[in-house]
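Listed below are the residues making up each chain.
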Amino acid sequence: MIKNHKTQLSIGIVVLVLAFLIAIQVKSVTVNNATESQQNLRVDELLGDLKKEREKTEDLEKQLDAYRNDIAQYRKDAEQHSGYSKFLSEQLKRAELMAGFVDVQGPGITISLSDMGNRKAANTILSANETLIHDEDIRRIINELCAAGAEAICVNDSRIISTSAVRCVGPTILVNDTKMAPPYIIKAIGNADQLSAAMNLNGGVIDNMKVWGFTISITKNNKLVIPKYSGTVNFSSATAIEATQEGAAE
């Protein structure tokens, strides 16, 4: 009889333990499901916000194109009715050309940059970060091209202008706030022989990158097309100094 009581007591304890474990498991599953639901809801909200921002951007780009078309039509009308307007229009075209606000074409070179295919270079094992093209590499190349007389430059068809920024955000390179991915294609319009010679200098930026094992090619082109800058430029602090104000400028 005592033995039966002990057996029943043991079974009761086991049942209680199992019930406790099941209750904990159910609670854990409930909490996990609730957390997952919240995360899914947050992801849906972020995707919705991203979609709205993209739609806003598309609308702004359409408005910008419409304004540009209007300006082109106004310019055309003015040129037909006034010699002075034609002069002003030519000056505006020249300013737009220099600012990077129009598509351009001409001779030049194309530079293709790719990350390393392996992590071993010059008998040295490199870290994963060292095998990647970085923003500073692209900036150095752009600087050398400018010094060699490049008249227009773009990176993966993103036009470089005076306010352009080339920077890294995590592992991603941004040019004019546009995400870039290798291969990085840099186009430069100018004297092709001069630009090519500057890029192929011994000990230059390209030469040093090749030593480390980066895949780089330089091609001369008789005709390149570089698109205009597609963003907007706003000057809220800088203003032009009139000729009569030069002496009074601080």
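On a predicted model such as this, the values are computed, not experimentally measured, just so you know. (Residues numbered from 1 in each chain as written. Predicted model: local features only at pLDDT ≥ 70, side-chain atom pairs only at ≥ 80, totals over all residues. Heavy atoms only, no water.)

S.K.: Quick question: what am I supposed to make of the sheet that holds strand β9 (residues 184-189) here?
M.R.: Sheets are built from strands paired through backbone hydrogen bonds, the pairs being either parallel or antiparallel. With antiparallel pairing, five strands are arranged side by side in an open sheet as β5-β4-β9-β1-β10. Only two strands of the sheet have a single neighbouring strand rather than two, namely β5 (158-159) and β10 (215-226). In this structure, strand β4 (residues 152-155) lies alongside β9, joined through four bridges in antiparallel fashion. Residue pairing for β9: Cys154 is matched across the bridge by Lys187. (Pairing = 2+ DSSP bridges. Helix = DSSP H or I, 4+ residues; strand = E, 2+ residues; numbered from the N terminus.)

S.K.: Help me understand helix α3 (residues 135-147), please; the structure alone is not making it clear to me.
M.R.: Within an α-helix, residues lying three or four positions from one another point in the same direction, as the helix has 3.6 residues per turn. When the terminal C-alpha atoms of α3 are compared, their 18 Å separation across 13 residues agrees well with the 18 Å that a helix rising 1.5 Å per residue should span. Within the span of α3, buried status applies to Asp135, Asp137, Ile138, Ile141, Ile142 and Leu145. With its buried residues spanning 165° around the axis, α3 presents them on a single face. Residues of α3 that are exposed and angled more than 90 degrees away from the buried face: Asn143 and Ala147. Taken from the residues just after α3, Gly149 is the one with a positive phi, measuring 100°. (Expected span 1.5 Å × (residues − 1). Buried < 20%, exposed > 50% of the residue type's maximum accessible area, 1.4 Å probe, protein only. Arc of directions from axis to C-beta.)

S.K.: Please explain helix α4 (residues 192-199) as it appears in this structure.
M.R.: Inspection of α4 places Ala192, Leu195, Ser196, Ala198 and Met199 among the buried residues, and these make up the whole buried set. When α4 is viewed along its axis, its buried side chains cluster within an angular range of 160° and face the same direction. In this structure, the buried residues of α4 make contact with β1 (104-114), α3, β9, α5 (205-211) and β10. By the N-cap criterion, in which a side-chain oxygen at the helix start approaches the backbone nitrogen of a residue two or three places on, α4 is capped by Asn191, the distance to Asp193 being 3.1 Å. (Contact = heavy atoms within 4.5 Å. Polar contact = N/O pair within 3.5 Å; in protein donor to acceptor, adjacent residues only side chain to side chain.)

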